[in-house]
Amino acid sequence: MQPFHLYARRRRAQGAVAVIIAGIGGLALAFFHTQVLRSDTYALQSEANRLRPLPIPAPRGTIFDRNGRIVAENVPGYALSLLPAPRDTLYNTLRRLAPILGLTEARIAQLMEKHRAAPVQPLLVSSDLTFEQVSALEERHFMFPGVYIDTRPKRHYPAGEAIAHLIGYVAEISEAELQKPEFADYAPGQLVGKAGLERQYERLIGGKPGIRYVEVDALGRIVGEYAPQTKVPPVPGEDLHLYLDLDLQEWIAKIFPDDMRGAVVAIEPGTGHVLAMYSSPGYDPNEFVGGVDPAYWRKLNADEARPLLHRAAAGLYPPGSTFKLATAAIALELGLVDPNAYMPIPCRGGMSYGNRYFRCWESRGHGYLNLADAIANSCNVYFYQLGVKIGLERFLKEASRLGFTRKTGVDLPPELEVAGRFPDGLGWWRERFGYTATPTEVLSLAIGQGSNDQTPLKLAHFAAALAGDGKLPPPRIAAHPLAAPSPGDGINLSISPENLAWIREGMRRVVGPGGTAHLSSLEHWDLLGKTGTSQNPHGKDHAWFIGIAGPKGGAPEIALAAIVEFGESGSRSAAPLVAKAADYYLRRKYGMPVDSVQTLREHLMAGRPAPWAVWQ
Amino acid sequence: MAVIGRLRRLLGDPLLAALVVGLSLFGVAMVYSAGQLDVPDPTVAGAWRLQLLWLGVSIVAFLAVLGIQTRWLEWAAIPAYVVGIVLLAATLVIGTGLGTARGTKSWIDLGPVMIQPAQFANLATILMLARVLGRWREPPRSIWGLWKPVAIVALPMGLVMLQPDLGTAMVFGAMLIAGLYWAGTPLGLIAMLLSPIVGLFVSFHSVLFSIYVVALIVFLRLYRAYLWEGVGVVVANLAAGAVALPLWNSLEPYQQARLMVFLNPGMDPRGAGWHLIQSRVAIGSGGLFGKGFTLGTQKRLAFLPEQHTDFIFSVIGEEFGFVGTVGVLLVFGLILWRLTRIAERLADPFAGIVVFGIFGVWFAHVIVNIGMTIGLMPITGIPLPFLSYGGSFLLASFLALGMVQRIAAEQGRI
């Protein structure tokens, strides 16, 4: 048949129409499947495509001191995050952000490392943007794909340096922390308490972040907020109230000599509530919020004064003569001493024991002394004999029972407090030094020498026990049921009130007329105390003073311990700190005006009358 | 009546012309919509104006072509073909890439405009093919009789492949099949012609390939092919099987990726599979009625790639839903049906083959482009007639429309 005969053409045209119907119809069927039958799936995918969940940080609980003053609060801050994106994209964006945010190469490398660890999470670049930086970025919005700026609460510590060690700080959770089971519900980029109270009470004040969704385009640029009703609001952290007296804390920071290192701890007798806990030198915790500047961090770490060390809870110092109070307490508890009676051997500047001669610090000797006089004069010979009476093994056992080998159990993160260093038994020397201790070891220990290092917190706690009835729960900073100590914890001197009164009588004479610390005595309050000097092989001796104070003739209401490194003399450098802190606290407690002229020495210097002074 | 009569004298098929112009105006609207992004892209945002300008130019060119007699077209076939080949060869030397296909050489930069010579060589090849096939007294009985039309198409097709532009090369293949079919070539011969291509793909599975070769021999026996013809076809198939692997290795990695992704889009969702997945999500999320003109979120948020050119149909699917896609498919179906109607009435072999060749080209573009947006076809990057942004193809399509209208008008009774 002719190929172009009409019938042939018609047959081919019919074939072509069949092909059209097959082709177009096939496509229509496929579109029916995609657009009608599976439309829901694709609609979901389209949503997932363009919506990115972003965490809404929870506002942390506010921390108040005992008088309702703010210790830690939230102020509005700007944070910049990058949405998840391929590494190259992120790197380029960071490079372009660098001039605006002042990012160093090292910081960029650090951020890239962070992204490698959590590639699907938004990358928090900075949570501490200034308003100028924010406006500069907003203007160039389209230059920065995936850049996301939001306002979020930023931690602020109004008292700054004064509470640095105590409060800790908050910063982004680290990779190591994320591995821990306690942080299982935390996401990378979330802020977490890093030290001090912020860390100790993280679960309470941290809150729970919420989620919101933003709409992004294919390049990860945020186009807008998505349907606000779908967001999960954050749960704010609970507020926390402290026993701490922030005014006292700041006062101590103010009176502590600027160029000196050391610590002051104040505890309420009877309750163990921590009124102040100061360590010098300090740093500004606000600098740590939202990522510390590496230069500041390096400076703090390189400083030989070690400002990052929390001396109050983690600084170990030989307690020196202050420990004689512990020796006295142990002897009284065991019923080995009559407070009124003299020791058999009078002090003639030293005594022989075994085949050695042990010296008193006063080479002229103290003569016959009772307990109170021995404390007032800090006579070594008296306490040597007390030590011998107690015996080495019993001494170690009782000192351990009083907690000189342990941590106090204060409500700070456990690793931020160190335990006292004291032999807990005869095996202690063998384990460490490979020799058996001779019974003469007790003579050194009895006067606070030998293997003995304690923290200011421990000595303040011990002083608070002396100031009360001898029983004291562990120190507590925060007033929260979670912080409540379990019964039985703490310190129990097991001394009768009469015997306690004898120790206090000794302490009274230290500050009283003729006492070494009389110049630190106060006009309105009874101040009792004990000086100490811890021998320091590296330079001048460290100076101790532990003291208790209260209304005249009344029960003590505050117990303190102060250490001043290289302070030489407890009565000259540490005692005034304790006296001034106690005076400040008690004046405010009893509604008296605060005066910067407080101690006897200050009255004399200022030319003011000091009728309570007695000269011998 | 008088107006319609004049139009008919001039146009030949007013319905076809109306469908094409209407579709093209809709295309301009869709190019406009494709430029409506949340984060504006200046080159895409202004594309609709250029497309409108090109449409104006194309309609003027279309009207001009209406004045060219069919005889002149037949006469011009050889010089046009020669010019087309020279242009394609020149493109390989001075050509540049564009858009996502930056590495290829498909375009010639003429300063203010870029043209795609392959689109015009395509028309010239149709004319040349029609001229050769139109002279057949009767269809050949042996496959060897097909050498001339095959050579005519293979030359420009090969040049286009060298650019490389696989999609456009495929269109040349479709044109050859359409021309041969309309010239009355027995379907068995066309099957034999295509068999090496099937062999190429089947060869990736050795057992399948063995079965295929046996089936091919049985087919040749039943068809009573000539001995040398049968031997030639079998040898060609075996050769195709043998070169399949080296050929695969010679493909650019992105071409390999596209073919692999066609089989499994989830393989590389952020890379080569991205286009297809995002296109399918856009179309699927359009649902029955779509998200509304300019309101497609996938498009607005730039998830859709090449949304104003190759993937314009995805925008239609997202914004007008199933109703929109079926509507556009129906219009394409009507356009193609009109072409077969015109070809059916043409007793002149040259004219018929020209019209049916154009049918083949448009049909291939529509099926491959739209099929690609939902993963029925590999992503080859060929435009959708009258809808995709791009001047060269729009102009070439209107030139083709002009020839069809003139041919139909000369026939005089549609």
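Definitions and limits used
Along each chain, numbering runs from 1 in the same order as the chain's sequence is written. By the order in which they are written, chains take letters starting at A while ligands take numbers starting at 1. In keeping with the model being predicted, local features are shown solely for residues with a pLDDT of at least 70 and side-chain atom pairs are shown and tallied solely at 80 or more, while totals for entire chains, interfaces and linings include all residues. In this text, helices come from DSSP runs of H or I with a minimum length of four residues, and strands from runs of E with a minimum of two, each type numbered from the N-terminal end. In this scheme the burial state of a residue depends on its C-beta neighbours within 10 Å: 20 or more other such atoms mean buried, 12 or fewer mean exposed, and anything in between means partly exposed; the C-beta positions come from the backbone. Contact between two residues is assigned when their C-beta atoms, built from the backbone, lie within 7 Å. Charged means Asp, Glu, Lys or Arg here, nonpolar means Ala, Val, Leu, Ile, Met, Phe, Trp, Tyr, Cys or Pro, and polar covers whatever is left, Gly included. Values of pLDDT, ranging from 0 to 100, describe the predictor's confidence in every residue of the model. For two strands to be treated as a pair, DSSP must find at least two bridges joining them. Between N-to-C directions, angles span 0 to 180 degrees; the directions come from axes that are lines fitted to C-alpha atoms, helices contributing only their stretch in contact. Oblique is the label for every angle not falling under 35 degrees (roughly parallel), over 145 degrees (roughly antiparallel), or within 65 to 115 degrees (roughly perpendicular). Helix crossings are classified by the rotation of the near helix relative to the far one: an anticlockwise turn of less than a right angle makes the crossing left-handed, while a clockwise turn makes it right-handed. Buried Ala, Val, Leu, Ile, Met, Phe, Trp, Tyr and Cys residues whose C-beta atoms connect them within 7 Å together make up a nonpolar core.

Engineer: Looking at this structure, I do not really get the overall build of chain A. What am I missing?
Structural biologist: Looking only at helices and strands, one finds 22 helices and 19 strands in chain A. With 616 residues in all, chain A has 47% of them scored as buried. Restricting to contacts in chain A with at least 6 residues of sequence separation, those with at least 24 account for 72%.

Engineer: Would you mind going over the interface of chain A and chain B with me for this structure?
Structural biologist: Frequently, the measure chosen for interface size is the accessible area that the parts lose on association. Between chain A and chain B, the residue contacts involve 35 residues of the former and 44 residues of the latter. Residue contributions to the side of chain A that touches chain B peak at 18 residues, all from helix α1 (residues 6-37) of chain A. Taken together, the residues of the side of chain A that touches chain B sort by class into 20 nonpolar, 8 polar and 7 charged.

Engineer: Mind showing me how you'd approach the confidence of the model for chain B here?
Structural biologist: Low-pLDDT stretches of the model should not have their predicted coordinates read in fine detail. Residues and elements named next belong to chain B. Residues with a pLDDT of 70 or more make up 93% of chain B, whose mean pLDDT is 88. Averaged pLDDT values over the elements of chain B bottom out at 70 in helix α1 (residues 2-11) and peak at 96 in helix α15 (residues 312-344). The complex model carries a pTM of 0.66, and its ipTM stands at 0.93.

Engineer: What am I meant to see in the sheet that holds strand β12 (residues 274-280) of chain A here?
Structural biologist: What links the strands of a sheet is backbone hydrogen bonding, and the strands pair in either a parallel or an antiparallel sense. All names here are of chain A. Read across the sheet, 5 strands follow the order β12-β11-β19-β18-β17 without closing on themselves; strand pairing throughout is antiparallel. Of all strands in the sheet, those bounded by a partner on one side alone are β12 and β17 (525-534). For this sheet the average axis-to-axis angle between neighbouring strands, irrespective of direction, equals 10°. In this sheet, strand β19 (residues 558-564) lies alongside strand β18 (residues 542-551) in antiparallel orientation, the contact comprising 7 bridges. Within the sheet, the bridge partner assigned to A549 lies in β19 and is I558.

Engineer: Got a minute to help me understand the packing of helix α13 (residues 324-333) of chain A against helix α15 (residues 380-390) of chain A in this structure?
Structural biologist: Relative orientation and spacing of two packed helices are given, respectively, by the angle between their axes and the distance between those axes. Residues and elements named next belong to chain A. In contact at an axis separation of 10 Å, α13 and α15 are set at 45° when each is read in the N-to-C sense. In terms of their interaxial angle, α13 and α15 are classed as oblique. α15 is crossed by α13, and the crossing has left-handed handedness. Mapping the contact onto sequence places K324, T327, I330 and A331 in α13 and F383, L386, G387, K389 and I390 in α15. When the residues that make up the contact of α13 with α15 are grouped by side-chain class, the tally is 5 nonpolar, 2 polar and 2 charged.

Engineer: What is the right way to look at the environment of A47 of chain B in this model?
Structural biologist: The residue A47 of chain B is located in helix α4 (residues 47-65) in this model. Dropping the residues within four chain positions of it, A47 of chain B is found in contact with V31, G35, H308 and Y389 of chain B.

Engineer: Explain the packing of helix α9 (residues 187-202) of chain B against helix α10 (residues 206-223) of chain B to me, please; I cannot follow it from the model alone.
Structural biologist: All names here are of chain B. Close contact between α9 and α10 brings their axes to 11 Å; oriented N to C, the two are set at 170°. Judged by the inter-axis angle, α9 sits roughly antiparallel to α10. Of the residues in α10, those touching α9 at G188, S195, G199 and V202 are L208, F209, Y212, L216 and Y223. Among the residues making up the contact of α9 with α10, the classes are represented as 6 nonpolar, 3 polar and no charged.

Engineer: What's the story with the nonpolar core in this structure? I'm lost.
Structural biologist: Burial of nonpolar side chains together is a common tendency in soluble globular proteins. In terms of nonpolar packing, the biggest core is built from 128 residues, with V264, V265, A266, A460, A463, L560 and A581 of chain A touching the most fellow members. By residue number, the principal contributor to this core is helix α21 (residues 570-589) of chain A, which donates 10 residues. Once residues within four sequence positions are removed from consideration, V264 of chain A is found in contact with I252, F256, A276, Y278, L560, A562, L577 and A581 of chain A. Grouped together as the second largest cluster of nonpolar side chains are 124 residues, A124, L146, A178 and V328 of chain B included.

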